[in-house]
Amino acid sequence: MDEKIYQIAEQIVQLHRKAYEFYLPLVEDVCSRIVSEDELSHPLFNRTF
C-alpha cells in the first residue's frame, strides 16, 4: 500500500513538473509584452503541443 501511494505521489510530482515546463514560457511571454484580450483569453490555441 505504501509503495502504491509513493507511486501516485511521484506521478503527481511529474505532472506538476511537466505543467510548469509547459506553461512557464507562455506566462513569461504574456507577462513580457502587451497582449490583446483575445490572445490572453485563448493562449493555448496558439501553442503547439
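Coordinates for the structure precede this section.
Criteria and cut-off values
Residues numbered from 1 in each chain as written. Predicted model: local features only at pLDDT ≥ 70, side-chain atom pairs only at ≥ 80, totals over all residues. Heavy atoms only, no water. Helix = DSSP H or I, 4+ residues; strand = E, 2+ residues; numbered from the N terminus. Buried < 20%, exposed > 50% of the residue type's maximum accessible area, 1.4 Å probe, protein only. Areas by Shrake-Rupley, 256 points an atom, 1.4 Å probe, with all protein chains shown as cover. Expected span 1.5 Å × (residues − 1). Bend = angle between axes of the 7 residues up to and from the residue. Salt bridge = Lys/Arg side-chain N within 4 Å of Asp/Glu carboxyl O. Phe/Tyr/Trp six-rings, centres within 6.5 Å; stacked < 30°, edge-to-face > 60°.

A.B. asks: Would you mind going over the overall build of the chain in detail, with residue names and values included?
C.D. replies: Within the chain one finds 2 helices and 0 strands. A burial count over the chain gives 4% of its 49 residues as buried. Accessible surface, the chain: about 4600 Å² in total, of which carbon and sulfur atoms supply 62%.

A.B. asks: Tell me about helix α1 (residues 2-31), and name the residues and values.
C.D. replies: When the terminal C-alpha atoms of α1 are compared, their 42 Å separation across 30 residues agrees well with the 44 Å that a helix rising 1.5 Å per residue should span. The sharpest bend along α1 reaches about 35 degrees and sits at Y23, with the proline P25 one to four residues further on.

A.B. asks: Describe the pattern of salt bridges, naming the residues involved and giving the relevant values.
C.D. replies: Tallied over the entire structure, the rule returns 1 salt bridge. D29 is the salt-bridge partner of R33, the closest N and O atoms lying 2.8 Å from each other. Looking at R33, the relative accessible area reads 33%, which means it is partly exposed. With a relative accessible area of 31%, D29 lands in the partly exposed category.

A.B. asks: An account of the packing of aromatic side chains is needed here, citing residue identities and associated values.
C.D. replies: Applying the stated criterion across every chain yields a total of 1 aromatic pair. Aromatic pair F22 and Y23: ring centres 5.0 Å apart, planes at 85 degrees, arrangement edge-to-face. Taking the relative accessible area as the measure of exposure, Y23 reaches 37% and is therefore partly exposed.

Worth remembering: the numbers are spatial, not functional.
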